[in-house]
Every structure is written in structure tokens, then in C-alpha cells.
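Read off the chains here:
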Amino acid sequence: MGDRFEKPLRVEGGDELDRVVAERDLVLVDCYTKGCALCRAIEPVVGNVARATDATVVMVNPGDDLSLVERYDIRSVPTLLLFEDGELVGRMADGFRGTEAVVEFVERRGETRHT
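Please read all numbers here as calculations on a predicted model, not as lab measurements. (Residues numbered from 1 in each chain as written. Predicted model: local features only at pLDDT ≥ 70, side-chain atom pairs only at ≥ 80, totals over all residues. Heavy atoms only, no water.)

> Please give an account of the overall build of the protein that cites residues and values.
When you go through the protein residue by residue, the secondary structure sums to four helices and five strands. Each helix and strand of the protein, placed in order from N terminus to C terminus, yields the pattern β-α-β-α-β-α-β-β-α. For the protein, whose C-alpha radius of gyration is 13 Å, the value lies close to the compact-globule estimate of 13 Å for 115 residues. With respect to the three principal axes, the spread of C-alpha positions in the protein is 30 × 30 × 20 Å. The buried share of the protein, taken over its 115 residues, is 41%. When contacts within the protein are restricted to residue pairs at least 6 apart in sequence, those whose partners lie at least 24 apart make up 68%. Surface exposure of the protein reaches about 6,300 Å², of which carbon and sulfur atoms provide 47%. The centroid of the 15 positive side-chain charges in the protein is displaced by 4 Å from the centroid of its 23 negative side-chain charges. (Helix = DSSP H or I, 4+ residues; strand = E, 2+ residues; numbered from the N terminus. Rg over C-alpha atoms; globule rule 2.2 N^0.38 Å. Buried < 20%, exposed > 50% of the residue type's maximum accessible area, 1.4 Å probe, protein only. Contact = heavy atoms within 4.5 Å. Areas by Shrake-Rupley, 256 points an atom, 1.4 Å probe, with all protein chains shown as cover. Lys, Arg positive; Asp, Glu negative; His and termini not counted. Charge placed at Lys NZ, Arg CZ, Asp CG, Glu CD.)

Listed below in C-alpha cells is the structure:
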């Protein structure tokens, strides 16, 4: 699947998420919940990341599939998970981050740098 997605894909649960992670080289997953103000605020950011990077951006509500909460140790939302070649390589779970910070997170393949 060489197509680039210019906007985030919404998936319904773990099986669909696993399929996208397996098919794509680089996947940024936005774990959100309905009614979360920070989650709504970061939605345009992940849209920008989809356009600015080669990552496929996926949005999933772990409340729709509680196995995701345990599998990925999701303690707060929004949580961003970065997968490269099917492996979890990075996590960003410190609240709202702007486009520049998230793009840098993706481009560094999950390596976090604090200035």
C-alpha cells in the first residue's frame, strides 16, 4: 500500500488498528475519547502531521475496544503511539502538543527530545 493518506483514518478497534499497522511502514495512532477537550484540540494537529510527514495517521477510541487500554498501557488521552515496521517505537502522552512537536516526534521516529 503505497498510497499516502492526507487526513487521519478512523478505525473501530484493535483488529482494524493491527491491520493498518501491519500494512504501513510508519503509523501515528491518536488514542482519544469522546468528550475530551484536549483530544478535540489535537485533532487538527494530527491532520497536519498526516499532510506533513510520511506517516499514516490513525485515530482510535480505546473506549470502543478496552483491550487497547491494557495492550498499550493507555493511562490518559490523548496518547499518541508511533509504530515503525509494525513495532511500537514511541509514545507521547503528555497532553496537548502542537504540530511542530508532533511532526518532530514522528520524524525522529519516537525519540523524544526536550529543549
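> With reference to specific residues and values, describe the pattern of salt bridges.
A side chain of one charge can pair with a side chain of the opposite charge if their charged atoms are brought near each other. Evaluated as defined, the whole model comprises seven salt bridges. Here R71 makes a salt bridge to D18, at a shortest N to O gap of 2.8 Å. Note that R71 is positioned in helix 3 (residues 67-71) and D18 in helix 1 (residues 14-23), a separation of 53 residues in sequence. Overall, the relative accessible area of 41% leaves R71 in the partly exposed class. Looking at D18, the relative accessible area reads 31%, which means it is partly exposed. Residue R75 is joined to D73 by a salt bridge in which the shortest nitrogen-to-oxygen separation is 2.7 Å. (Salt bridge = Lys/Arg side-chain N within 4 Å of Asp/Glu carboxyl O.)

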